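Listed below, chain by chain, are the residues.
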Amino acid sequence: MNPEIKHQLLLKILLIACMVSTAIHFTDNYFYIEQYPQPDWITPPSIYIAWIVWTVIGITGYWLYKSRRFWFAYLCLVIYSFSGLDSLGHYFYGSMSEFSIKMHLL
């Protein structure tokens, strides 16, 4: 398998894994919003919309990568990487003990 195809396949696998993991977290956050310590401006619709926007940015990054527009692809993929990191923002609004084991895992 040529290295370019390998890189695209690896990127696709990583993106799918990230999309699944963020979908699980965002879905849990959507259904159990009242249990998560977070700012008032986070609402169920904002959670749903945020996941869609993050995911579109990630898919766009993959498409740009396949199209060999690497700098734009890297920009989208760096922005998308924050979709996994933004979940850590919950810890700014509550202590570790306010979260269930499930919340810590997701």
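Just so you know, these numbers come straight off a predicted model, no measurement behind them.

What follows is about the packing of helix 1 (residues 3–31) against helix 2 (residues 44–66). Taken N-terminus to C-terminus, the directions of helix 1 and helix 2 make an angle of 180 degrees; their axes are 10 Å apart at the nearest point. Our classification of the angle between helix 1 and helix 2 gives roughly antiparallel. A class-by-class count of the residues in the contact of helix 1 with helix 2 yields 16 nonpolar, six polar and two charged.

The subject of this paragraph is the side chain of glutamine 8. Within the secondary structure layout, glutamine 8 lies in helix 1. Given a relative accessible area of 11%, glutamine 8 falls into the buried group. Discounting residues that sit within four places of it in the chain, glutamine 8 has contacts with Tyr62, Tyr65 and Lys66.

Working definition: an aromatic ring pair is given by the centre-to-centre distance plus the angle between the planes. Counted under the stated rule, the structure contains six aromatic pairs. Between the aromatic rings of tyrosine 30 and phenylalanine 31, the centroid separation amounts to 5.2 Å while the plane-to-plane angle is 90 degrees, which identifies the pairing as edge-to-face. With relative accessibility at 35%, the residue tyrosine 30 sits in the partly exposed group. For phenylalanine 31, a relative accessible area of 55% gives the class exposed. Taking 6.4 Å as the distance between ring centres and 50 degrees as the angle between the ring planes, the aromatic pair formed by tyrosine 65 and tyrosine 74 counts as tilted.

Reading the values: rules and limits
- Residues numbered from 1 in each chain as written.
- Predicted model: local features only at pLDDT ≥ 70, side-chain atom pairs only at ≥ 80, totals over all residues.
- Heavy atoms only, no water.
- Axes fitted to C-alpha atoms, helices over the stretch in contact; angles between N-to-C directions.
- Helix = DSSP H or I, 4+ residues; strand = E, 2+ residues; numbered from the N terminus.
- Parallel < 35°, antiparallel > 145°, perpendicular 65-115°, else oblique.
- Nonpolar A, V, L, I, M, F, W, Y, C, P; charged D, E, K, R; others polar.
- Buried < 20%, exposed > 50% of the residue type's maximum accessible area, 1.4 Å probe, protein only.
- Contact = heavy atoms within 4.5 Å.
- Phe/Tyr/Trp six-rings, centres within 6.5 Å; stacked < 30°, edge-to-face > 60°.

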